[in-house]
Amino acid sequence: MADLTQQEWTSKLNADQNAVILDVRTPEEVAEGIIPNAITIDIYKGQGFIYEVEKLDPSKTYYVYCRSGGRSAQACSVMNQ
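Residues numbered from 1 in each chain as written. Predicted model: local features only at pLDDT ≥ 70, side-chain atom pairs only at ≥ 80, totals over all residues. Heavy atoms only, no water.

(A) Layout of the overall build of the protein. Regarding its fold elements, the protein presents 4 helices and 3 strands. Secondary structure of the protein in N-to-C order comes out as α-β-α-β-α-β-α. Against the compact-globule benchmark of 12 Å for 81 residues, the protein has a radius of gyration of 12 Å, which places it among compact chains. Taken over the C-alpha atoms alone, the protein extends approximately 30 × 30 × 20 Å along its principal axes. Looking at the protein as a whole, 33% of its 81 residues are labelled buried. Taking the contacts inside the protein whose residues are at least 6 apart along the sequence as the reference set, 54% of them involve residues at least 24 apart. On the protein, roughly 5,500 Å² of surface is accessible, and the fraction owed to carbon and sulfur atoms is 49%. Of the charged side chains in the protein, 7 are positive and 11 negative, and the gap between their average positions amounts to 2 Å. (Helix = DSSP H or I, 4+ residues; strand = E, 2+ residues; numbered from the N terminus. Rg over C-alpha atoms; globule rule 2.2 N^0.38 Å. Buried < 20%, exposed > 50% of the residue type's maximum accessible area, 1.4 Å probe, protein only. Contact = heavy atoms within 4.5 Å. Areas by Shrake-Rupley, 256 points an atom, 1.4 Å probe, with all protein chains shown as cover. Lys, Arg positive; Asp, Glu negative; His and termini not counted. Charge placed at Lys NZ, Arg CZ, Asp CG, Glu CD.)

The following block contains the structure:
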């Protein structure tokens, strides 16, 4: 897990053929602006979030997105477990 600047995030994402964007914002936040081709799993789903993460392909590289960075760090922590 690495905390990336917006520029690093964009360049690494574009260079990674195995990349998947994981959007962990709430449904209300997603409604404000959808990220094309992103998988959306609300971090506030609690155990439901964990169940959804367990279904993800572990061979992929996930670039986790939230509005401010706190929830994406939390999501990465859960995913690393």
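(B) Molecular detail of unusual backbone geometry. For Asn37, which is not glycine, the phi dihedral falls at a positive 65°. Residue position: Asn37 is located in the loop between helix H2 (27–32) and strand E2 (39–40).

In short, geometric facts, not functional conclusions.
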